[in-house]
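# Chains, contacts and geometry: an overview
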Amino acid sequence: MPRKEILDQIQKYIHPFRITSGRGFQLKDFDPGDTCGLKMEKGEAADLLQRGTQWLAEEQDMLYAQDCWSLLLVFQAMDAAGKDSTIKHVMSGVNPQGCQVFSFKHPSREDLAHDFMWRYVTRLPERGRIGIFNRSYYEEVLVVRVHEDILKRQRLPRSFMGRQIWDERLTYIAHFEDYLSRQGIVILKFFLHVSREEQKKRFMKRLDNPEKNWKFSASDVHERRYWRDYMSSFEAAIAATASEQAPWYVVPADNKWFTRLVVAAAVVEAVEKLDLAYPKVSPEQKKELAAARAELAREA
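Notes on the structure in this doc start here. As the structure is a prediction and not an experimental result, all values here were calculated from the model.

This paragraph deals with the overall build of the chain. A count of helical and extended segments in the chain gives 13 helices and six strands. Dimensions of the chain along its principal axes, counting C-alpha atoms only, are 75 × 50 × 45 Å. Roughly 16,900 Å² of accessible area belongs to the chain as shown, and the carbon and sulfur atoms make up 51% of that amount. Computed over 46 positive and 43 negative side-chain charges, the separation of the two mean positions in the chain equals 4 Å.

As structure tokens, then:
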């Protein structure tokens, strides 16, 4: 099937979840169990995903060779939404040399000694590479907003600690992403939208399976108590920072196979728009190559 036809087909599985303007955005308008009416067996989904990852691998090779653009993939979600497994499956065919993954945990003392964006800026992808943020600077307007005691550890001057800080931070983030997009960094942001009921099922599976116990933390249940606060914070963050140059994808996450397909399709579509190609060899370089060939041919 020609690539153009494939792109036209996958758009219907991407565009319903693509947010480029926060006007009128409400999280309740998106169903975590949505599959756009698509029904398939796990084997079919795996086959379709494999084709997508192969395509992405080809594009990533040209991205790396061209050394001009870079890609920043931001993943945000509640626990057990499937961030790790989505990254693993979607990026399975990509050359590790051209991919950089960072998972942002609790800030270190050095991180807290700087501004709230510092540790994220230092991990931005180099040209020609795909950077993946498993959690990101959005944590500063999500978990820090839900648990404001964390904000106190950042030791800001008291005059900057008012209620306006969240709107201000969201404005800074939007400007920051606009700046990055003008430096050749393509930004895609994914909110894996899992339902509270599905999260509970996944937690129970982790508890019931001894081999999955290591994935569970008591803090996971603790954070469920703040579900509404988190949903409100996610909604505010997406509404304030969704743009054409840095879109959000509110990806249904109750069906992992569909989550992976949407993410893979969104990345493939974005990279395809860059019209990537391998660098062309100049006449001077061709002469150098011919001379190198001749020298090797003369060797005994």
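Let us look at helix α9 (residues 196-208). Its 13 residues place the ends of α9 18 Å apart at the C-alpha level, agreeing with the 18 Å of an ideal helix rising 1.5 Å per residue. Where α9 is buried, its residues contact α10 (218-224), α11 (227-241) and α12 (256-272).

Attention now goes to the sheet that holds strand β4 (residues 130-134). An order of β1-β6-β5-β2-β4-β3 is seen for the six strands of this open sheet, with the pairing classed as mixed. Every other strand in the sheet has two partners, leaving β1 (18-19) and β3 (99-103) as the edge strands with one partner each. Contacts from α12 reach β2 (70-77), β5 (185-193) and β6 (248-252) within the one sheet, and its direction differs from that of β5 by about 165 degrees.

Below, the discussion takes up the packing of helix α3 (residues 83-90) against α12. Where α3 contacts α12, the axes come no closer than 10 Å and their chain directions differ by 55 degrees. Regarding the angle of α3 to α12, the classification is oblique. For the crossing formed where α3 meets α12, the hand is right-handed. Facing α3, whose interface residues are Ser85, Thr86, His89 and Val90, α12 presents Lys256, Thr259, Arg260, Val263 and Ala264.

One pass over the structure, following the stated rule, counts twelve salt bridges. Ionic pairing is found between Asp29 and Lys28, a salt bridge with its closest N-O pair at 3.7 Å. The residue Arg153 makes a salt bridge to Asp149 at a minimum N-O spacing of 3.6 Å. Counted as one network, the salt bridges with shared partners bring together Asp79, Arg135 and Glu139.

What follows is about the packing of aromatic side chains. Counted under the stated rule, the structure contains 13 aromatic pairs. With a centroid separation of 5.2 Å and an interplanar angle of 25 degrees, the aromatic rings of Phe190 and Tyr249 are classed as stacked. Separated by 59 residues along the polypeptide, Phe190 in strand β5 and Tyr249 in strand β6 bring together distant segments of the chain. A relative accessible area of 0% means that Phe190 is categorised as buried. For Tyr249, a relative accessible area of 1% corresponds to the buried category. Through pairs of rings, three or more aromatic residues link up here, namely Phe104, Tyr120, Phe133, Tyr137, Tyr138, Phe176 and Trp248.

A few words on the packing of helix α8 (residues 165-181) against α11. Taken N-terminus to C-terminus, the directions of α8 and α11 make an angle of 45 degrees; their axes are 9 Å apart at the nearest point. It follows that α8 is oblique to α11 by the angle criterion. Taken as a pair, α8 and α11 cross one another with a handedness that is right-handed. Contacts between α8 and α11 pair Leu170, Ile173, Ala174 and Glu177 from the former with Ala236, Ala237, Ala240 and Thr241 from the latter. Counted by class, the contact of α8 with α11 contains six nonpolar, one polar and one charged residues.

Here we take up unusual backbone geometry. Even without being glycine, Cys36 reaches a positive phi, approximately 55 degrees. Looking at the secondary structure, you find Cys36 in the loop between β1 and α2 (42-66). A relative accessible area of 30% means that Cys36 is categorised as partly exposed. Residue Asp67 is not a glycine yet carries a positive backbone phi of 55 degrees. Structurally, Asp67 is set in the loop between α2 and β2. For Asp67, a relative accessible area of 46% puts it in the partly exposed group.

What follows deals with the nonpolar core. Formed by 81 residues in total, the largest nonpolar core has its most connected members in Leu73, Met91, Tyr137, Tyr138, Phe190 and Val267. With eleven residues, α12 is the largest single contributor of residues to this core. Beyond its immediate stretch of four places on either side in the chain, Met91 contacts Leu56, Leu73, Cys99, Ile130 and Ile132.

Conventions and cut-offs
Residues numbered from 1 in each chain as written. Predicted model: local features only at pLDDT ≥ 70, side-chain atom pairs only at ≥ 80, totals over all residues. Heavy atoms only, no water. Helix = DSSP H or I, 4+ residues; strand = E, 2+ residues; numbered from the N terminus. Areas by Shrake-Rupley, 256 points an atom, 1.4 Å probe, with all protein chains shown as cover. Lys, Arg positive; Asp, Glu negative; His and termini not counted. Charge placed at Lys NZ, Arg CZ, Asp CG, Glu CD. Expected span 1.5 Å × (residues − 1). Contact = heavy atoms within 4.5 Å. Pairing = 2+ DSSP bridges. Axes fitted to C-alpha atoms, helices over the stretch in contact; angles between N-to-C directions. Parallel < 35°, antiparallel > 145°, perpendicular 65-115°, else oblique. Left-handed = near helix turned anticlockwise from the far one by under 90°. Salt bridge = Lys/Arg side-chain N within 4 Å of Asp/Glu carboxyl O. Phe/Tyr/Trp six-rings, centres within 6.5 Å; stacked < 30°, edge-to-face > 60°. Buried < 20%, exposed > 50% of the residue type's maximum accessible area, 1.4 Å probe, protein only. Nonpolar A, V, L, I, M, F, W, Y, C, P; charged D, E, K, R; others polar. Core = buried A, V, L, I, M, F, W, Y, C linked by side-chain atoms within 4.5 Å.

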